[in-house]
Amino acid sequence: MSTKFLLLATHIISITTISHLVNKIVPSPYMDEVFHVPQAQNYCEGKYSEWDPKLTTPPGLYIISNIIIYPSYVTRLVDFCSIELLRATNLLFSAGSYVLLWSILNHLHPYQNSNARAVNALSLSMFPINWFFNFLYYTDSGSTFFVLLAYLLALKRKHWKSAVAAGVSVFFRQTNIIWVLFIMGVSMVDTLSDNDNLHIHGSLRSIKGADVTFRTAFREIANFTMMAIRNFKLLVPIYFPYAFVFLGFIAFMKWNGGIVLGDKSNHIATIHFPQIFYFISFAAIFSASVTLRHNHTRTLISLVTLKKGLGIKLILTMSVMALLIYLYTYEHPFLLSDNRHYTFYIWKNIYRKHIIVRYLLIPAYLFAGWVLWDSI
């Protein structure tokens, strides 16, 4: 048996075992399952017009669950739409995500050792932020599966199929429309970088190392935009499939009166600049084994102390960051009432200790951002 299938079998056995324990210890709907499970069970009974106004995501999860577990209804082998069976649909998505991740890595890194790809796929499948929701009836696992499927199909240049998968992902979580935009963008870059397309107007160049600056990054974005416009006819096969997804999303927004479905009062869009700092820290921590090098600190200190004018720029940057933190830090009422999320513990045990902590972390944000930028 190859490493890929051995790790897949191990993954399936582990999530199935843990799922059994979760169902045994928590047999009743837990946290947001009190909304998701009854809604799915309504669909099982054919009550498609009934909708819980507390739900904020489209009904993709409930529809797909019904399709997956419908054979159990026909055969009457188990209790149709029981909480155990509904939760089990996420185990299928989890196993499927491992296969998709392996296939994506196989496409992106064809010369990497196959065993390494299999291990990397398993590692990504067990990413903690997503992994825990495999055992509850939440939208996370299915949403991730269909985004990965859409990305894989786009890498294979099967854009119509990719657009269908992307549309399904948006039906799980409407915010996945951002991933649809990303997938379309990646597909455009792939096409414009193809040497076989000799009639392309312009070229994309690779920027490496010290050549990477904010100025060059913005210039290349502008160049890419102009190339996309000049090569519109070439890119039509990419634009067209995803256009249906975007048009459907716009129609939904108009019909719904906003992006949030249902409980709009507790889900109001706001400008929250510090979230960028949180994301940079998150990305730096989870990629530290790849990006962080022993000489990063020494190099940064030498840059600050020796490079003329950098100290002043650093002070100005930190001042702007402090102002953004002061003006745009928001504490959602659900943040400290929902202990299933890591953010609950981070906010409770770090940010809430003292208001000054928010500002003391600014140097850490800058260091994390610099490490990521240097790695790119």
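Coordinates for the structure precede this section.
Throughout what follows, the structure given in this document is the object of discussion. Keep in mind the model is a prediction, meaning the values are calculated, not measured.

**Quick word on unusual backbone geometry**
Trans is the common state for peptide bonds, and a negative phi is the common state for residues other than glycine.
Logical step 1: Despite not being glycine, methionine 31 has its phi angle at roughly 50 degrees, a positive value.
Logical step 2: Residue classification places methionine 31 among the partly exposed positions, given a relative accessible area of 26%.
Logical step 3: In this model, arginine 157 sits at a positive phi of 65 degrees, which is unusual for a non-glycine residue.
Logical step 4: In this structure, arginine 157 sits in the loop between helix 7 (140-155) and helix 8 (159-172).
Logical step 5: Look at arginine 157 and you get partly exposed, because its relative accessible area is 39%.

**Points about the packing of helix 8 against helix 9 (residues 177-192)**
Logical step 1: It is the contact of helix 8 with helix 9, at a shortest axis distance of 9 Å, that shows an interaxial angle of 165 degrees. Relative to helix 9, the element helix 8 lies roughly antiparallel. Pair helix 8 / helix 9 crosses with right-handed handedness. Across the interface between the two elements, His159, Ser162, Ala166 and Val170 of helix 8 pack against Ile177, Val180, Ile183 and Ser187 of helix 9.
Logical step 2: The class makeup of the residues in the contact of helix 8 with helix 9 is five nonpolar, three polar and no charged.

**What to know about the nonpolar core**
Logical step 1: If you look at the biggest cluster of nonpolar residues, it comprises 57 residues, and the most contacted ones within it are Tyr62, Leu86, Tyr98, Tyr137, Val180, Met188 and Tyr242.
Logical step 2: For this core, the leading source of residues is helix 4 (residues 83-108), giving 10 residues.
Logical step 3: Discounting chain neighbours no more than four positions away, the residues touching leucine 86 are Val37, Ala40, Gln41, Ser65, Ile69, Cys81 and Tyr137.
Logical step 4: Phe277, Leu324, Tyr351 and Tyr365 belong to the second largest nonpolar core, which has nine residues in total.

Rules used in this analysis
Residues numbered from 1 in each chain as written. Predicted model: local features only at pLDDT ≥ 70, side-chain atom pairs only at ≥ 80, totals over all residues. Heavy atoms only, no water. Buried < 20%, exposed > 50% of the residue type's maximum accessible area, 1.4 Å probe, protein only. Helix = DSSP H or I, 4+ residues; strand = E, 2+ residues; numbered from the N terminus. Axes fitted to C-alpha atoms, helices over the stretch in contact; angles between N-to-C directions. Parallel < 35°, antiparallel > 145°, perpendicular 65-115°, else oblique. Left-handed = near helix turned anticlockwise from the far one by under 90°. Contact = heavy atoms within 4.5 Å. Nonpolar A, V, L, I, M, F, W, Y, C, P; charged D, E, K, R; others polar. Core = buried A, V, L, I, M, F, W, Y, C linked by side-chain atoms within 4.5 Å.

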